[in-house]
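Architecture and fold: a report
Chain residues, written in single-letter form:
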Amino acid sequence: MINSMTGYGKSSSSKIKTSVEVEVKSVNSRFFEISLKIPSTLSAYDYEIREIIKSKVQRGKLNVVIHFKKDGVENGVSIAADKLSAQVALLKKIKKSAGIKEEIKLEHLLSNKEIFTALDSELSKSEFELIKSTLNKALDKLLQMKRKEGTELSKDLIKRIDSITKTVSEIEAEYKQSIEQYHNKLKERIRELMSNAEINEDRLHLELALIADRADITEECVRLKSHLKFFKETIKNEKEPGKKLNFLCQEMNRETNTISSKSISTSIVHASVLIKEEIEKIREQLQNIE
């Protein structure tokens, strides 16, 4: 079963005066990385949140953002309205006394930390359960998208594997004809060159047999078809097929190179090039697999 590494999931929940929103994005990466952005009130739960994510996702670069509001306020900080009003009144008084015409700006107020009131940063058990539930829902939506994209990837990969299998069958048929044609041409050429000399037929057939043996691609075709069959089985049956499929691509490429180098037929060489192009496209697609 193939899952794509790219996906997106979002979920939100609320209970009494508490609300949670979780957004998860996943993109391709050789390694597993988690970029976690959480409010300060959740800092103590960083490890537990990461463990929940790891239990559901094994590969890719994840960007996880959690918004948590309590009494309509995020990050555990509220504004002390009475102190803010007092600060504004004080600044107006200073302006009037000093004859300053400059307008009161936001930075003038932010410099006074007394207008901010820290809320209770302790999370109740029910509040954290709400966060975990929302996170799991967002991750499930992410996985749903990853599976959907993985299904499309599987279809594309199987289509390319079937195309290669068909080309290998064509190569096998062409090989049998090309060997016979090559032998006939070679015999004619030798007879033309040695028209006035006696030809040792036994020696001629022996040399032709050696040439045929060196050009024999039967074993390579058999192994390549075996890899292709195993590739399709791995897509359907393996839970995490990425590494195995990459290895099979290497082996398929190796057999194709040998077929090309041993072949005495130009059309087989051209067909080998087409197979290598398909294998390269498959490799590119495998970079998207979890």
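Everything below is about the structure printed above this text.
Residues numbered from 1 in each chain as written. Predicted model: local features only at pLDDT ≥ 70, side-chain atom pairs only at ≥ 80, totals over all residues. Heavy atoms only, no water.

**Details of unusual backbone geometry**
In the Ramachandran plot, isoleucine 16 falls in the positive-phi region, its phi being about 55° despite a non-glycine side chain. Within the secondary structure, isoleucine 16 is located in the loop between strand 1 (7–15) and strand 2 (18–27). Judged by relative accessible area, which is 85%, isoleucine 16 ranks as exposed. (Helix = DSSP H or I, 4+ residues; strand = E, 2+ residues; numbered from the N terminus. Buried < 20%, exposed > 50% of the residue type's maximum accessible area, 1.4 Å probe, protein only.)

**As for the packing of helix 6 (residues 218–237) against helix 7 (residues 242–262)**
When two helices pack together, their arrangement is given by the angle between their axes and by how far apart the axes lie. At a closest axis distance of 9 Å, the pairing of helix 6 and helix 7 adopts a crossing angle of 160°. Judged on the interaxial angle alone, helix 7 and helix 6 are roughly antiparallel. Crossing of helix 6 against helix 7: the hand is left-handed. Only Lys244, Leu245, Leu248, Cys249, Glu251, Met252, Glu255, Thr256, Thr258, Ile259 and Lys262 of helix 7 make contact with helix 6, whose side of the interface consists of Glu220, Cys221, Arg223, Leu224, His227, Leu228, Phe230, Phe231, Thr234 and Ile235. Taken together, the residues that form the contact of helix 6 with helix 7 break down as eleven nonpolar, four polar and six charged. (Axes fitted to C-alpha atoms, helices over the stretch in contact; angles between N-to-C directions. Parallel < 35°, antiparallel > 145°, perpendicular 65-115°, else oblique. Left-handed = near helix turned anticlockwise from the far one by under 90°. Contact = heavy atoms within 4.5 Å. Nonpolar A, V, L, I, M, F, W, Y, C, P; charged D, E, K, R; others polar.)

**Structural notes on a nonpolar patch on the surface**
There is a patch of nonpolar side chains on the surface, built from Leu90, Ile94 and Ile100 and spanning about 260 Å² of accessible area. You can see isoleucine 100 is positioned in the loop between helix 2 (81–98) and helix 3 (106–110). Exposure remark for isoleucine 100: the relative accessible area of 40% places this residue in the partly exposed category. (Patch = residues over 30% accessible without salt bridge, like charges linked within 9 Å, V, L, I, M, F, W, Y side chains within 5 Å. Areas by Shrake-Rupley, 256 points an atom, 1.4 Å probe, with all protein chains shown as cover. Salt bridge = Lys/Arg side-chain N within 4 Å of Asp/Glu carboxyl O.)

**Quick look at the pattern of salt bridges**
One pass over the full model with this rule turns up 16 salt bridges. The partner of glutamate 152 in a salt bridge is lysine 155, with the nearest N and O atoms 3.7 Å apart. Residue glutamate 152 and its partner lysine 155 are both found in helix 4 (residues 125–193); the two are separated by three residues, about one turn of the helix. The residue arginine 223 makes a salt bridge to glutamate 255 at a minimum N-O spacing of 2.9 Å. Note that arginine 223 is positioned in helix 6 and glutamate 255 in helix 7, a separation of 32 residues in sequence. On the accessibility criterion, glutamate 255 (7% relative accessible area) is buried. The network of salt bridges with common partners includes Glu219, Glu220, Arg223, Glu255 and Lys262.

**Comments concerning the pairing of strand 1**
Two faces belong to every sheet, and in a regular strand the side chains alternate between them. Of the pairings in the sheet, the one linking strand 1 to strand 2 comprises nine bridges and is antiparallel in character. What sits directly across from lysine 10, in strand 2, is glutamate 23. Connecting strand 1 to the antiparallel partner strand 2 that follows it, the hairpin turn spans two residues, and isoleucine 16 within it adopts a positive phi of roughly 55°. (Pairing = 2+ DSSP bridges.)

**Focus on the nonpolar core**
Judged by nonpolar contacts, the single largest core of 26 residues is most densely connected at Leu157, Ile171, Phe231, Leu245, Met252, Ile282 and Leu286. Of all the secondary-structure elements, those providing two or more residues to this core are helix 4, helix 6, helix 7 and helix 8 (266–286). A total of seven residues in this core trace back to one element, the largest contributor, which is helix 4. Core analysis: the second largest hydrophobic core is formed by 23 residues, Leu42, Leu123, Phe128 and Leu139 among them. (Core = buried A, V, L, I, M, F, W, Y, C linked by side-chain atoms within 4.5 Å.)

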